[in-house]
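So you can see what is in the structure, the chains are spelled out below.
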Amino acid sequence: MKLRKKKGAILALLLAALLAGGCRSTEKREPSSSAEPSSLPEVSQPEASAPGSEPAVNPPRTEAPSSEPASSQEDAPVNAVPEQIHVDGVEFPELSQYDSSQVTWGPGRQMDGENRPVACVGLQEQYGDKDALFLMPAGEKSIYLTFDEGYENGYTAQILDVLKEKDCPAVFFVTHDYVSRNPELVQRMVDEGHAVGNHSMHHPNMTTVDPQTAANEIADLHNCVAEQFSFQMTLFRPPEGAFSERSLVIAQALGYRTTLWSFAYADWNPDSQPEPGEALERITGAAHEGAIYLLHAVSSTNTQILPAFIDTLREEGYTFLRLE
């Protein structure tokens, strides 16, 4: 009898350990793996390309989607039965016809008459048919707030507090490491009506990995979040904002919109934070119709100025909407 009880206790402990382990990738992969799934066309490896015209802003992101606000939990879409992605079952186009070199881009400093970055307007026209988002259509004074979550620096809970108080929606782009270390914060994002965005499993440059790795980087994190949080992610922000024509097509085939931005600034270094007053003036002064803001949640400055940022733009007639 004692032996039977002891075996039962051991089985219970093993089951508890498995449940606590969280979601994991379906198999261990090196980011540079050259193996390809049967469903992906065989293509040559991408060549190295010139860096972007602006510094990468991620630390160590067709027809316009609906602009309906989803700023409260009860307005949030129901994700009770999110779909898993099985890469081997996805029908990809012939990838060899798409350029694999990294696109040099940045919002730049040239604005049109509506204060919209000229570069982003052109990029949206060029790549919109591949579900790339640089900014949303003009015509309504709407703002789309997004945060990149490479790692937790102790500010996300405060940011969520402000967004809840202001009834302001946002998208939080997370990596697998962030999800595994901060499940309670990810759950809070979902519970409070925000969108969780896919920032890849391991944060590689998506233009330097082979097609299978690129697809798995998106699909594995998608399945992890679907399983653990019952949330269906639909937005992908490529690490470093690095994309190619081919990487856009891969994300599109997986049901994702590649989400870039029309405003970002140097907020990602915790040891070199912008002065709050200057930062507030800069980010409010950059407002434009359909703006997609990229902010980093590691920033003490962003956390400090967020309430005033939201209030100022609302006083100017802007509405904060959630990307879908």
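Described in the following lines is the structure provided in the data block. A quick note: this is a predicted structure, and the numbers were derived from the prediction, not measured.

**Notes on the overall build of the protein chain**
Along the protein chain, the regular secondary structure elements total nine helices and eight strands. Residues counted as buried form 52% of the 324 residues belonging to the protein chain. For the protein chain, the accessible surface area stands at approximately 15100 Å², while carbon and sulfur atoms represent 49% of it.

**Points about the packing of helix α8 (residues 276-285) against helix α9 (residues 300-315)**
At a minimum axis separation of 10 Å, α8 and α9 run at an interaxial angle of 40°. In this view, α8 runs oblique relative to α9, as classed from their interaxial angle. Seen along the crossing, α8 lies across α9 with a hand that is right-handed. Two secondary-structure elements touch here, α8 through Pro276, Ala279, Leu280, Ile283 and Thr284 and α9 through Thr301, Gln304, Ile305, Ala308, Phe309, Thr312 and Leu313. Of the residues in the contact of α8 with α9, the class split is eight nonpolar, four polar and no charged.

**Some words on the nonpolar core**
Counting residues in each nonpolar core, the largest one holds 85 residues, and the members touching the most others are Phe134, Leu145, Phe147, Leu163 and Tyr293. For this core, the element with the highest residue contribution is helix α6 (residues 211-229), accounting for eight residues. Those residues in contact with Phe147, other than ones at most four positions away along the chain, are Ile159, Leu163, Ala170, Val171, Phe172, Phe173, Leu295, His296, Ala297 and Leu306.

**A word on the packing of aromatic side chains**
The way to describe two aromatic rings as a pair is by their centre distance and the angle between their planes. Here the structure, examined in full by the defined rule, presents 10 aromatic pairs. Here Phe147 and Phe172 contribute two aromatic rings whose centre-to-centre distance is 5.2 Å and whose plane-to-plane angle is 15°, an arrangement assigned as stacked. Linking Phe147 in strand β2 (residues 142-149) with Phe172 in strand β3 (residues 171-174), this pair joins segments that are 25 residues apart in sequence. As far as the burial class goes, Phe147 and Phe172 line up, both buried. A centroid spacing of 5.0 Å and a plane angle of 50° characterise the contact between Phe263 and Tyr293, whose relative ring orientation is tilted. Of this pair, Phe263 sits in the loop between β6 (257-259) and α8 while Tyr293 sits in strand β7 (residues 291-296), placing them 30 residues apart in sequence.

**Some remarks on the pairing of β2**
The element β2 is extensively covered by neighbouring structure, given that eight of its eight residues are classed as buried. With three bridges joining them, β2 and strand β8 (residues 319-321) adopt parallel strand pairing. Of the residues in β8, the one forming a bridge with Ile143 is Phe320. Taken together, the six bridges between β2 and β7 define a ladder with parallel strand orientation. By the bridge assignment for β7, Asp148 is matched with His296. Bridge count between β2 and β3: four bridges; the pairing is parallel. Across the sheet, Thr146 pairs through a bridge with Val171, a residue of β3. Taken together, β2, helix α3 (residues 156-166) and β3 form a β-α-β motif whose crossover is right-handed.

**A look at the packing of α3 against α9**
The N-to-C vectors of α3 and α9 enclose an angle of 25°; their axes lie 9 Å apart at closest approach. Accordingly, the angle class assigned to the pair α3 and α9 is roughly parallel. Crossing of α3 over α9 shows right-handed handedness. Side by side, α3 and α9 meet where Gln158, Ile159, Val162, Leu163 and Lys166 of the first sit next to Thr303, Leu306, Pro307, Ile310, Asp311 and Arg314 of the second.

**So, empty space enclosed by the protein**
Quantified by volume, the largest cavity comes out at close to 80 Å³. Along the wall of the largest cavity there are 12 residues; nearest its centre are Met206, Thr207, Val209, Ser244 and Arg246. Secondary-structure elements contributing two or more residues to the lining of the largest cavity are α6 and α7 (245-253). The leading source of residues in the lining of the largest cavity is α7, at three residues. Grouping the constituent residues of the lining of the largest cavity by class yields six nonpolar, four polar and two charged.

**Side note on helix α5 (residues 183-191)**
Three or more residues of α5 are buried, namely Leu185, Val186, Arg188, Met189 and Val190. Packed against the buried residues of α5 are β2, α3, β3, α4 (176-181), β4 (195-198) and α6. Following α5 by one or two positions, Gly193 has its phi on the positive side, about 85°.

**Considerations on the pattern of salt bridges**
If you walk through the whole model with that rule in mind, you get eight salt bridges. Between Lys166 and Asp311 there is a salt bridge, with the nearest N and O atoms lying 2.9 Å from each other. In this pair, Lys166 sits in helix α3 while Asp311 sits in helix α9, placing the two residues 145 residues apart along the sequence. Its relative accessible area of 18% is what places Lys166 among the buried residues. We classify Asp311 as partly exposed; its relative accessible area is 30%. It is possible to trace a salt-bridge network through shared partners that takes in Asp129, Lys130 and Glu245.

Rules used in this analysis
Residues numbered from 1 in each chain as written. Predicted model: local features only at pLDDT ≥ 70, side-chain atom pairs only at ≥ 80, totals over all residues. Heavy atoms only, no water. Helix = DSSP H or I, 4+ residues; strand = E, 2+ residues; numbered from the N terminus. Buried < 20%, exposed > 50% of the residue type's maximum accessible area, 1.4 Å probe, protein only. Areas by Shrake-Rupley, 256 points an atom, 1.4 Å probe, with all protein chains shown as cover. Axes fitted to C-alpha atoms, helices over the stretch in contact; angles between N-to-C directions. Parallel < 35°, antiparallel > 145°, perpendicular 65-115°, else oblique. Left-handed = near helix turned anticlockwise from the far one by under 90°. Contact = heavy atoms within 4.5 Å. Nonpolar A, V, L, I, M, F, W, Y, C, P; charged D, E, K, R; others polar. Core = buried A, V, L, I, M, F, W, Y, C linked by side-chain atoms within 4.5 Å. Phe/Tyr/Trp six-rings, centres within 6.5 Å; stacked < 30°, edge-to-face > 60°. Pairing = 2+ DSSP bridges. Right-handed = clockwise from strand over helix to strand, strands pointing away. 1 Å grid on protein atoms, 1.4 Å probe; cavity = no way out; pocket = protein on both sides within 12 Å on 5 of 7 lines; lining within 4 Å. Points joined across faces, edges and corners; volume = space filled by probe spheres on them. Salt bridge = Lys/Arg side-chain N within 4 Å of Asp/Glu carboxyl O.

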